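Each chain, written out:
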Amino acid sequence: MEATNKYVLHVRFSDGLSGMLDLSALAGKGIFKVWDENDLFLRPYISETGSISWNEDVDIDAANAYLKISGITFDEWRKRSSYYAAN
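How each quantity is defined
- Residues numbered from 1 in each chain as written.
- Predicted model: local features only at pLDDT ≥ 70, side-chain atom pairs only at ≥ 80, totals over all residues.
- Heavy atoms only, no water.
- Helix = DSSP H or I, 4+ residues; strand = E, 2+ residues; numbered from the N terminus.
- Buried < 20%, exposed > 50% of the residue type's maximum accessible area, 1.4 Å probe, protein only.
- Contact = heavy atoms within 4.5 Å.
- Areas by Shrake-Rupley, 256 points an atom, 1.4 Å probe, with all protein chains shown as cover.
- Patch = residues over 30% accessible without salt bridge, like charges linked within 9 Å, V, L, I, M, F, W, Y side chains within 5 Å.
- Salt bridge = Lys/Arg side-chain N within 4 Å of Asp/Glu carboxyl O.
- Lys, Arg positive; Asp, Glu negative; His and termini not counted.
- Charge placed at Lys NZ, Arg CZ, Asp CG, Glu CD.
- Phe/Tyr/Trp six-rings, centres within 6.5 Å; stacked < 30°, edge-to-face > 60°.
- Core = buried A, V, L, I, M, F, W, Y, C linked by side-chain atoms within 4.5 Å.
- Pairing = 2+ DSSP bridges.
- Axes fitted to C-alpha atoms, helices over the stretch in contact; angles between N-to-C directions.

So, on to the overall build of the chain. Across its full length, the chain carries 3 helices and 6 strands. Sequence-ordered secondary structure for the chain, helices as α and strands as β, is β-β-β-β-β-β-α-α-α. If one aligns the C-alpha atoms of the chain with their principal axes, the spans along those axes are about 45 × 20 × 20 Å. Each of the 87 residues in the chain was classed as buried or not, and the buried ones make up 31%. Counting only contacts in the chain whose residues sit at least 6 apart along the sequence, the fraction spanning at least 24 positions is 39%. Accessible area of the chain: about 5900 Å², with a carbon and sulfur share of 49%.

Moving on: a negative patch on the surface. A surface patch of like charges, here negative, comprises Glu56, Asp57, Asp59 and Asp61. Inspection of the secondary structure puts Glu56 in the loop between β5 (52–53) and β6 (59–60).

This part covers the packing of aromatic side chains. Under the counting rule described, the total for this entry stands at 8 aromatic pairs. Seen from their ring centres, Trp35 and Phe41 are 4.8 Å apart, and the 75° between their planes marks the pair as edge-to-face. The burial state of Trp35 is the same as that of Phe41; both residues are buried. Their ring planes at 35° and their centres at 5.7 Å tell us that Phe74 and Trp77 sit as a pair that is tilted. Taken together, the residues Phe74 and Trp77, both in helix α2 (residues 74–80) and 3 residues apart, mark about one turn of the helix. For Phe74, a relative accessible area of 40% translates into the label partly exposed. Three or more aromatic residues link up through ring pairs in this structure, and these residues are Tyr7, Phe32, Trp35, Phe41 and Trp54.

Among the residues of helix α1 (residues 62–70), Ala62, Ala65, Leu67 and Ile69 are the ones counted as buried. The inward-facing, buried residues of α1 abut β2 (8–12), β3 (18–22), β5, β6 and α2. Gly71 lies just past α1 and shows a positive phi near 80°.

Take the nonpolar core next. By size, the foremost hydrophobic cluster in this structure holds 17 residues, and its most contacted members are Leu9, Leu21, Leu23, Trp35, Phe41, Ile52 and Trp54. Of all the secondary-structure elements, those providing two or more residues to this core are β2 and α1. Setting aside anything within four residues of it in sequence, one finds Phe41 in contact with Ala3, Asn5, Lys6, Tyr7, Val8, Leu9, Leu23, Trp35 and Trp54.

For the rest of this paragraph, the subject is the sheet that holds β2. On the basis of which strands lie adjacent, the open sheet formed by 3 strands has the order β1-β2-β3 and antiparallel pairing. Unpaired on one side and paired on the other, β1 (2–5) and β3 mark the two borders of the sheet. For this sheet the average axis-to-axis angle between neighbouring strands, irrespective of direction, equals 35°. The pairing of β2 with β3 spans 5 bridges and is antiparallel. When the sheet's bridge partners are listed, Val8 is paired in β3 with Asp22.

What follows is the structure in structure tokens.
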């Protein structure tokens, strides 16, 4: 994963899915205001919990990022998921 532009990340998941994640809609809002401090947005990392993080207070859920990049909704993913299909 890397920041390719201001508020845009290129993300690759372990199953091979990759794509651009545009987070510009969050920029400057609430806790995400810190992205502009010392170019924090340009230094993302994967946290111990697997989320996309910038510090201990600011992160994005990786599952939501996956759905956004894949272009499917949670309900569509759930229908395709073998875990949910079996339960």
